[in-house]
2 protein chains.
Amino acid sequence: MKGLVIFSLLASISVLGFLQESVHGRPSLMSLPKPRRDDAAVFARWLVSQNSWGVLSTVSRDWGGAPFGNVVSFSDGLPDKGKGIPYFYLTTLDPTASNALKDQRSSLSLSEYNIGTCGKKDPELPTCAKITLVGKLKLIEGTKEAEIARAALFAKHADMKRWPKSHNFQVYKLDIENIFMINWFGGPKPITVEQYLQAKLNKPALTVA
Amino acid sequence: MKGLVIFSLLASISVLGFLQESVHGRPSLMSLPKPRRDDAAVFARWLVSQNSWGVLSTVSRDWGGAPFGNVVSFSDGLPDKGKGIPYFYLTTLDPTASNALKDQRSSLSLSEYNIGTCGKKDPELPTCAKITLVGKLKLIEGTKEAEIARAALFAKHADMKRWPKSHNFQVYKLDIENIFMINWFGGPKPITVEQYLQAKLNKPALTVA
């Protein structure tokens, strides 16, 4: 009977572990605590570093210049060492990359919901944070930065290493020009690109909100 | 001891239930089985009906015509009775609605990842399905369709009923013109808007893939 209790408790723990992995999709990478919401630039960096996929929007000339969102994976650096710049591994077989080669205008949108810290809050509520980084999507393959980016991407998306060579995946970066973030009531928080890039994610002042 | 076993088993079940709710964000609404991937129009309708939020992209004149993605909640109908047309509850205090009033070009992007049926697959992999509905985002407040839409929205997002009146939330619809869906290797599945709108989600041919 004692064995059954232990088995049952272990089953609880393994169920918990499995589902947490399912929620996040990248077990063991999610480790930085949620910053205070008033520390807007740090909060924005946290949202970007703790997410691993989002929607990247480009301009679709094929469809009358429509804004074309596309689900993509990204990385802003090695786990918990992100620098805030999103890197992507894209193929021109997919419209996003080919759109960007004709018109670099782009944005990346992320929700706190995917981090798992919104609970059951509606993702449109301002208390479930969201961020859109607006800028230019640039092919950087062949540069030194592309090697750093590739390491950042493969560290969070191990599977990318095995993506078919024939598809010619290449490294792109989002050169950020404007930041739109809502993480509480009262409208978007004003954040400059400079504030965002200079924010220190690991500073001791970080606390769980 | 027997009581402890029962308690422990019950705890397992409640942990499982709680986390599943956390994953989906809308317990008890997710009930339709995943269609066969070759049944493209039905699969597309399933992706839309089983998701409850995504990224809605519009054209931002404020930011040089950039495609501006924004995290929003939506509904295509009463739970599991969706008609495939996404409805939104937006305020012009948020840029998406005000963008759409100047330029209706828009798209809505969704991932199967949020439904919870991708397991640990990378959301950029073609085996984790994604869909982008491209079209025109139209304000329909005051029409008969808006009342159906409002019921559809409130059924999936009960919280919306309590959103502040002073923010003047209004009902918008995405008038779909093009459909981009990847749900397996081999590129996007060709689906016409007519096929999509006429697909029957509840037909007996549906099976879990």
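For clarity, every value in this text was computed on a predicted model and none was experimentally measured. (Residues numbered from 1 in each chain as written. Chains lettered and ligands numbered in written order. Predicted model: local features only at pLDDT ≥ 70, side-chain atom pairs only at ≥ 80, totals over all residues. Heavy atoms only, no water.)

Enquirer: How would you explain the environment of B:N168 if you had to name every residue and give the values?
Expert: Residue and element names in this part refer to chain B. In this fold, N168 is placed in the loop between α4 (144–156) and β6 (170–182). Exposure remark for N168: the relative accessible area of 46% places this residue in the partly exposed category. Dropping the residues within four chain positions of it, N168 is found in contact with L90 and T91. (Helix = DSSP H or I, 4+ residues; strand = E, 2+ residues; numbered from the N terminus. Buried < 20%, exposed > 50% of the residue type's maximum accessible area, 1.4 Å probe, protein only. Contact = heavy atoms within 4.5 Å.)

Enquirer: For helix α4 (residues 144–156) of chain A, give the residues involved together with the corresponding values.
Expert: Given a rise of 1.5 Å per residue, 13 residues ought to cover 18 Å, and the 19 Å separating the end C-alpha atoms of α4(A) matches this to within 8%. Taken together, the buried residues of α4(A) touch α2 (40–50), β3 (87–90) and β6 (170–182) of chain A. (Expected span 1.5 Å × (residues − 1).)

Enquirer: Tell me what's going on with the state of the cysteines, and back it up with residues and numbers.
Expert: Residues and elements named next belong to chain A. Applying the stated criterion across every chain yields a total of two disulfides over all chains. Covalently, C118 is tied to C128 through a disulfide, its sulfur atoms 2.1 Å apart. Disulfide C118 to C128: torsion about the S-S bond roughly 95 degrees, handedness right-handed. Linking C118 in the loop between β4 (105–111) and β5 (130–139) with C128 in the loop between β4 and β5, this pair joins segments that are ten residues apart in sequence. Pair check on accessibility: C118 and C128 agree, each one buried. (Disulfide = S-S within 2.5 Å.)

Enquirer: Quick rundown of the packing of aromatic side chains? Include the residues and the values.
Expert: By the definition in use, this model includes 20 aromatic pairs over all chains. Here A:F180 and B:F68 contribute two aromatic rings whose centre-to-centre distance is 5.1 Å and whose plane-to-plane angle is 85 degrees, an arrangement assigned as edge-to-face. Within this pair, whereas A:F180 is found in strand β6, its partner B:F68 is found in strand β2 (residues 66–73), the two belonging to separate chains. Between B:W163 and B:F169 the ring centres are 5.0 Å apart and the planes differ by 50 degrees, which places this aromatic pair in the tilted class. The class for B:F169 is buried, based on a relative accessible area of 16%. Each member of the aromatic cluster is reached from another via a ring pair, and the members are A:Y89, A:F154, A:W163 and A:F169. One Lys or Arg, A:R37, reaches over the ring of A:W184 and ends 3.6 Å from the middle of that ring. (Phe/Tyr/Trp six-rings, centres within 6.5 Å; stacked < 30°, edge-to-face > 60°. Lys NZ or Arg CZ within 6 Å of the ring centre and 35° of its normal.)

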